[in-house]
Amino acid sequence: MASKNKAGTTRRTAGKKSSSAKAPGTRKSGGTQKTAPKRKPAATARPGLVGKQKRAGRTGKQKTPQLAHELKKILIGIMALSAICLTTAMVLDIVFNTGPGAPPKQIKQTVKTVKPLVPDPPPKEPEPVKQPVAPPIEELETKTKLAGLKEKTGKEFVYEIFEKVEPSRKTPPKRPETVLPPDHSPKICLIIDDIGYDIDLAYALFNLEPGITFSVLPGAPYGRAIAEDLNRKGAQIMLHLPMEPVEYPKIDPGPDALLVSMNPDQLISKLTQNINQIPMAVGVNNHMGSRLTTREDQMNQIFTILKKKNLFFVDSLTSGRSKCLASARLLQLPFAHRDVFLDNFQNVTYIAKQLNRLVDLAEKHGTALGIGHPYKATLQALEQELPRLRKKVDIVPASTMAQIPG
């Protein structure tokens, strides 16, 4: 019994040993023991789940630094945008001088324009307006342009341009000094050019001195009406004939101007049209013309028509090289020339000096001719000086000055 138990025990033990001797993953095949692949634990038997868990773990770890990186980028962008805005503001401030960085000089000027808040002083009697001191006459005569009225378009209208005339070489020969009889006074002629733009000023000049001669521009908007009315009231009317200046085409004398480029037919046709626009004119003087008046052939053509129309000519003498006197002598046309420009500087004090200069010439030569323009300063100077001038000279129309040159 004991042996049996031993044997059974032995067998069981042997069976256990033999079973335990075998590796769990081995099996016999053809007498050769092969190792079976190891089984993965149950927890790793589902690879999909394991991958998701790993990725989930990595994502959770990466979220925090990625978010910080994004916030860092946003902050950098905001700082860059702020820097750009500040830089732009500084550049605009420097360019336009509108900010606190404006130059100190401009700040001082701005402060000066601010009126202090102080009570108004008690009213005082108005003081007489002081006229500015005019520069020397020699300096002012070098001016080559006179600014005039402004047309409806706002374009500035040029009354006259002229060259500086050298008396020693370019002007007509000086007249000898004349000794007048005791019962004869020196005579001056006052011609006001460029009539036709300011109605009120034209009538104010006539009411001030009816002996003024009015020279009317043919293209002026109110020229014909003013000329007809003043002529009925006894004023002498002339045609202010536009001619080409040296500065043409930069300076345009107007659509009615006589030009150097015109052939004889064109020149005569344009001249006739201008004369017909102011039919009550008894004489002609040139508006500008510093180039055309130096062309003797063309002045001969012009004077031929003036002689047929029984018109005299006054040379405004806008050029020292004028050939008008020679043409007038050739065609025996009644002729005179300007002695003084009254208002090439629009200042009452200066114009008063020019009027006195005109009187001095009249006292030396018996007569003198001055040309002015419809400026307010000219009217004011005449109002101031005429009462005194009338005691020294007689004011006569231009026709009395025109004589056939010898």
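Predicted model, so just to flag it, every value in this text is computed and none were measured.

## Considerations on the overall build of the protein chain
Now for step 1: Looking only at helices and strands, the protein chain features eleven helices and 13 strands.
Now for step 2: Counting only residues that meet the buried cut, the protein chain has 37% of its 406 residues in that class.
Now for step 3: Within the protein chain, contacts between residues separated by at least 24 positions form 72% of all contacts whose residues are at least 6 apart in sequence.
Now for step 4: Summed over its atoms, the accessible surface of the protein chain is roughly 25,200 Å², and 58% of this surface lies on carbon and sulfur atoms.

## As for the pattern of salt bridges
Opposite charge on two side chains lets them pair, provided their charged atoms get close.
Now for step 1: Summed over the entire model, instances satisfying the criterion amount to six salt bridges.
Now for step 2: Two residues, Arg390 and Glu209, come together in a salt bridge whose shortest N-O distance is 2.9 Å. Taken together, the positions of Arg390 in the loop between helix 11 (376–389) and strand 13 (394–395) and Glu209 in the loop between helix 5 (199–208) and strand 6 (213–216) put the pair 181 residues apart, joining distant regions of the chain.
Now for step 3: For Asp229, the salt bridge identified is with Arg232, shortest N-O distance 3.3 Å. Taken together, the residues Asp229 and Arg232, both in helix 6 (residues 223–232) and three residues apart, mark about one turn of the helix.
Now for step 4: By relative accessible area, which is 63% here, Arg232 ends up exposed.
Now for step 5: Each of the salt bridges in this network shares a partner with another, and the network as a whole consists of Asp229, Arg232 and Lys233.

## Quick word on the nonpolar core
Now for step 1: In this structure, Leu190, Phe214, Ile302, Phe303, Leu306 and Phe313 are the most contacted members of the largest nonpolar core, which totals 63 residues.
Now for step 2: Sorting elements by how many residues they give to this core places helix 10 (residues 348–365) first, with seven residues.
Now for step 3: In this view, Leu190 contacts Ile212, Thr213, Leu342, Leu355, Leu358, Gly370, Leu382, Ile395 and Val396; residues no more than four positions away in its chain are not counted.
Now for step 4: Judged by nonpolar contacts, the second largest core, of 13 residues, contains Val314, Phe341, Ile371 and Met401.

## Quick notes on a nonpolar patch on the surface
Now for step 1: A cluster of nonpolar side chains, contributed by Leu67, Leu71, Ile74, Leu75 and Ile78, occupies part of the molecular surface with about 510 Å² of accessible area.
Now for step 2: Along the polypeptide, Ile74 turns up in helix 2 (residues 47–96).

## Remarks on the packing of helix 10 against helix 11
Now for step 1: Relative to each other, helix 10 and helix 11 sit at 45 degrees, their axes nearing to 9 Å. One finds that helix 10 runs oblique with respect to helix 11. When the axes of helix 10 and helix 11 are compared, the crossing they make is right-handed. Contact residues: helix 10 offers Val348, Ile351, Ala352, Leu355, Asn356 and Val359, while helix 11 offers Ala377, Thr378, Gln380, Ala381, Leu382, Gln384, Glu385, Arg388 and Leu389.

## Some remarks on the confidence of the model for the protein chain
Now for step 1: On average, the protein chain scores 77 in pLDDT, and the residues at 70 or more come to 63%.
Now for step 2: Predicted confidence for residues 1–36 stays below pLDDT 50, and this span has twelve contacts to residues more than four positions away or in other chains.

## Overview of the packing of aromatic side chains
Now for step 1: Summed over all chains, the structure comprises four aromatic pairs.
Now for step 2: Aromatic pair Phe313 and Phe335: ring centres 6.5 Å apart, planes at 20 degrees, arrangement stacked. Of this pair, Phe313 sits in strand 9 (residues 312–315) while Phe335 sits in strand 10 (residues 335–337), and the two are 22 residues apart along the sequence. Phe335 shares its class with Phe313; the two are buried.
Now for step 3: Centroid distance Phe345 to Tyr350: 5.8 Å. Interplanar angle 85 degrees. Geometry classified as edge-to-face.

## Comments concerning the pairing of strand 9
Now for step 1: Judged by which residues are buried, strand 9 turns out to be covered on both faces: Phe312 and Val314 on one side and Phe313 and Asp315 on the other are all buried.
Now for step 2: Note: strand 8 (residues 283–288) against strand 9, three bridges, orientation parallel. Bridging from a neighbouring strand, Val284 pairs with Phe313 of strand 9.
Now for step 3: With three bridges connecting them, strand 9 and strand 10 associate as parallel partners.

## Thoughts on the pairing of strand 5 (residues 187–195)
Now for step 1: In terms of burial, strand 5 is largely enclosed, as eight of its nine residues are buried.
Now for step 2: Sheet topology places strand 5 next to strand 12 (residues 367–372); six bridges connect them, and they run parallel. Note on strand 12: the bridge partner recorded for Leu190 is Gly370.
Now for step 3: Pairing of strand 5 with strand 13 involves two bridges; the strand directions are parallel. Counted as the bridge partner of Lys187 is Asp394 from strand 13.
Now for step 4: Where strand 5 and strand 6 come together, three bridges link them in parallel fashion. Paired with Ile195 across the strands is Val216, a residue of strand 6.
Now for step 5: Handedness of the crossover joining strand 5 and strand 6 through helix 5 is recorded here as right-handed.

Rules of the game
Residues numbered from 1 in each chain as written. Predicted model: local features only at pLDDT ≥ 70, side-chain atom pairs only at ≥ 80, totals over all residues. Heavy atoms only, no water. Helix = DSSP H or I, 4+ residues; strand = E, 2+ residues; numbered from the N terminus. Buried < 20%, exposed > 50% of the residue type's maximum accessible area, 1.4 Å probe, protein only. Contact = heavy atoms within 4.5 Å. Areas by Shrake-Rupley, 256 points an atom, 1.4 Å probe, with all protein chains shown as cover. Salt bridge = Lys/Arg side-chain N within 4 Å of Asp/Glu carboxyl O. Core = buried A, V, L, I, M, F, W, Y, C linked by side-chain atoms within 4.5 Å. Patch = residues over 30% accessible without salt bridge, like charges linked within 9 Å, V, L, I, M, F, W, Y side chains within 5 Å. Axes fitted to C-alpha atoms, helices over the stretch in contact; angles between N-to-C directions. Parallel < 35°, antiparallel > 145°, perpendicular 65-115°, else oblique. Left-handed = near helix turned anticlockwise from the far one by under 90°. pLDDT = per-residue confidence, 0-100. Phe/Tyr/Trp six-rings, centres within 6.5 Å; stacked < 30°, edge-to-face > 60°. Pairing = 2+ DSSP bridges. Right-handed = clockwise from strand over helix to strand, strands pointing away.

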